[in-house]
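The residues making up each chain are set out below.
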Amino acid sequence: MSLATRNGTPSVDAPVNPPTVVRQRRVRPGLLGLAVLLIALGGLGAAFAVTSVRATGSYLAVARPVEVGREISAADLVTVQVAGGQGLRPVPAARLDEVVGKRAAVALLPGTLLTLGQVTDDPLLGPGQQQIALGLKTAQVPARELHPGDKVLLVSTPDTNADKDTAAAGTRFAATVIDMVSPATDDKVLYLALLIRDVPAVVALAAQERLAVVLTEAA
């Protein structure tokens, strides 16, 4: 290549720059495989999210409080939409007719999903029994939670206001747990099936706070 000068001097040969060679980057097979894996996982995650959103069903929920043993009506329930629901076994709304007319095996609380384990066709009270409810402190309950079917003894405690000669203690009443509810306070509400003949005495002792509960047999 010749280069001409301004003052008319002869041209001078200038060196020619070699052409620039662009080096191609080699793609490592491991990185390529990782990229493909990440794309695949992203697609699976999106598909799972779409499936979870689409898996929405109509289920039965409790609309108002239902006491243990009371017959369930359609007005006690409401239909709700639940998305996903993995691990849950609520009663589908289409099975409303199967639930109405059954009895609550446990206390049903508003805003909770209904399950088949909470309703029953079996009578909660045996022949010659009545249901009573006892309000107890946590320290008076023999276990953290008592369950339907547990056998308990209600034992009378001494009357501290009576004379020693007339203060009787140790009278026992056999009962069966129907349910136990734990309100927001420290109290417990224990629902029991009790022989009709024992009901007046137990109610009177409960009013005097002279009852102790003893667990004799777990269900």
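What counts, and where the lines are drawn
Residues numbered from 1 in each chain as written. Predicted model: local features only at pLDDT ≥ 70, side-chain atom pairs only at ≥ 80, totals over all residues. Heavy atoms only, no water. Helix = DSSP H or I, 4+ residues; strand = E, 2+ residues; numbered from the N terminus. Buried < 20%, exposed > 50% of the residue type's maximum accessible area, 1.4 Å probe, protein only. Contact = heavy atoms within 4.5 Å. Lys, Arg positive; Asp, Glu negative; His and termini not counted. Salt bridge = Lys/Arg side-chain N within 4 Å of Asp/Glu carboxyl O. Polar contact = N/O pair within 3.5 Å; in protein donor to acceptor, adjacent residues only side chain to side chain.

### Some points on the overall build of the chain
And step 1. Along the chain, the regular secondary structure elements total three helices and 11 strands.
And step 2. Going residue by residue from the N terminus, the α and β elements of the chain occur as β-β-α-β-β-α-β-β-β-β-β-β-α-β.
And step 3. In the chain, buried positions account for 26% of the 219 residues.
And step 4. Restricting the contact set of the chain to residue pairs at least 6 apart, pairs at least 24 apart contribute 64%.

### Remarks on the side chain of Asp 179
And step 1. Counting through the fold element by element, Asp 179 comes out in strand S9 (residues 172-181).
And step 2. Look at Asp 179: it is buried, it has no salt bridge, and the nearest opposite charge is Lys 188 at 11 Å.
And step 3. Within the structure, Asp 179 has its side chain in polar contact with the backbone nitrogen of Ala 107 (distance 2.6 Å).
And step 4. With residues near it in sequence (within four places) discarded, Asp 179 still touches Val 68, Ala 105, Val 106, Ala 107, Val 189, Leu 190 and Tyr 191.

### Observations regarding unusual backbone geometry
And step 1. You will see that Glu 209, though not glycine, has its phi angle at about 55°, which is positive.
And step 2. Residue position: Glu 209 is located in the loop between helix H3 (199-207) and strand S11 (211-217).
And step 3. Take Glu 209: its relative accessible area is 70%, and that puts it in the exposed class.

### Notes on the environment of Thr 160
And step 1. Considering the arrangement of structural elements, one finds Thr 160 in the loop between strand S8 (151-156) and S9.
And step 2. Of the residues examined, Thr 160 reaches a relative accessible area of 73% and is grouped as exposed.
And step 3. Residues Thr 160 and Arg 210 lie 50 residues apart in sequence; the distance between their C-alpha atoms is 9.6 Å.

Coordinates in, geometry out; function isn't part of it.
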